[in-house]
Amino acid sequence: MADLKQFAEQLVNLTVKEVNELATILKDEYGIEPAAAAVVVAAGGDGGAAEEAQTEFTVVLKEAGASKLAVVKLVKELTGLGLKEAKDVVDGAPSNVKEGVSKEEAEGLKKSLEEAGAVVELK
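This section reports on the structure supplied with the text. The structure displayed is predicted, hence computed values, not measured ones. (Residues numbered from 1 in each chain as written. Predicted model: local features only at pLDDT ≥ 70, side-chain atom pairs only at ≥ 80, totals over all residues. Heavy atoms only, no water.)

### Observations regarding the pattern of salt bridges
Oppositely charged side chains can form a pair if their charged atoms are brought close together.
No. 1: Tallied over the full model, the rule gives seven salt bridges.
No. 2: A salt bridge links Asp-91 to Lys-68, with the shortest nitrogen-to-oxygen separation between them at 2.5 Å. Here Lys-68 lies in helix 5 (residues 68–79) and Asp-91 lies in helix 6 (residues 83–91), a separation of 23 residues in the sequence.
No. 3: For Asp-91, a relative accessible area of 36% gives the class partly exposed.
No. 4: Given the relative accessible area of 38%, Lys-68 is considered partly exposed.
No. 5: A salt bridge links Asp-88 to Lys-84, with the shortest nitrogen-to-oxygen separation between them at 3.2 Å. Placement of both Asp-88 and Lys-84 in helix 6 is noted, with a separation of four residues, approximately one turn of the helix.
No. 6: Given the relative accessible area of 41%, Asp-88 is considered partly exposed. (Salt bridge = Lys/Arg side-chain N within 4 Å of Asp/Glu carboxyl O. Helix = DSSP H or I, 4+ residues; strand = E, 2+ residues; numbered from the N terminus. Buried < 20%, exposed > 50% of the residue type's maximum accessible area, 1.4 Å probe, protein only.)

Have a look at this one:
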């Protein structure tokens, strides 16, 4: 049991470079794709590295603000949702407007929504 605890401690203390090397070894020698596990280990060993490596973002509408109608129209336009669905997203705030988008797209969506009066957060 002590060996597993020691092994777990070694994993948590790996640097980002070591995690990448481990991922390569697991893939090349054992056929294991450890992408999700590598992110978890990297976050545990170096929390800043996981944030820097983030490539997909979620645009979260925190609140519609004073111009609710303008925000509903903009959500409809930006997401391709119908009017009722866009209204439901705005009424359900905080809610996700778009998930899995690039940083550039997420920042553009955030800027547009904030210009319409909404309060937006990127995750």
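### A closer look at the packing of helix 5 against helix 6
No. 1: At a minimum axis distance of 8 Å, the contact between helix 5 and helix 6 shows a crossing angle of 120 degrees. With respect to each other, helix 5 and helix 6 are oriented oblique. The way helix 5 lies across helix 6 gives a crossing that is right-handed. Of the residues in helix 6, those in contact with Lys-68, Val-71, Val-72, Val-75 and Lys-76 of helix 5 are Leu-83, Ala-86, Lys-87, Val-89, Val-90 and Asp-91.
No. 2: Considering only residue class, the contact of helix 5 with helix 6 consists of seven nonpolar, no polar and four charged. (Axes fitted to C-alpha atoms, helices over the stretch in contact; angles between N-to-C directions. Parallel < 35°, antiparallel > 145°, perpendicular 65-115°, else oblique. Left-handed = near helix turned anticlockwise from the far one by under 90°. Contact = heavy atoms within 4.5 Å. Nonpolar A, V, L, I, M, F, W, Y, C, P; charged D, E, K, R; others polar.)

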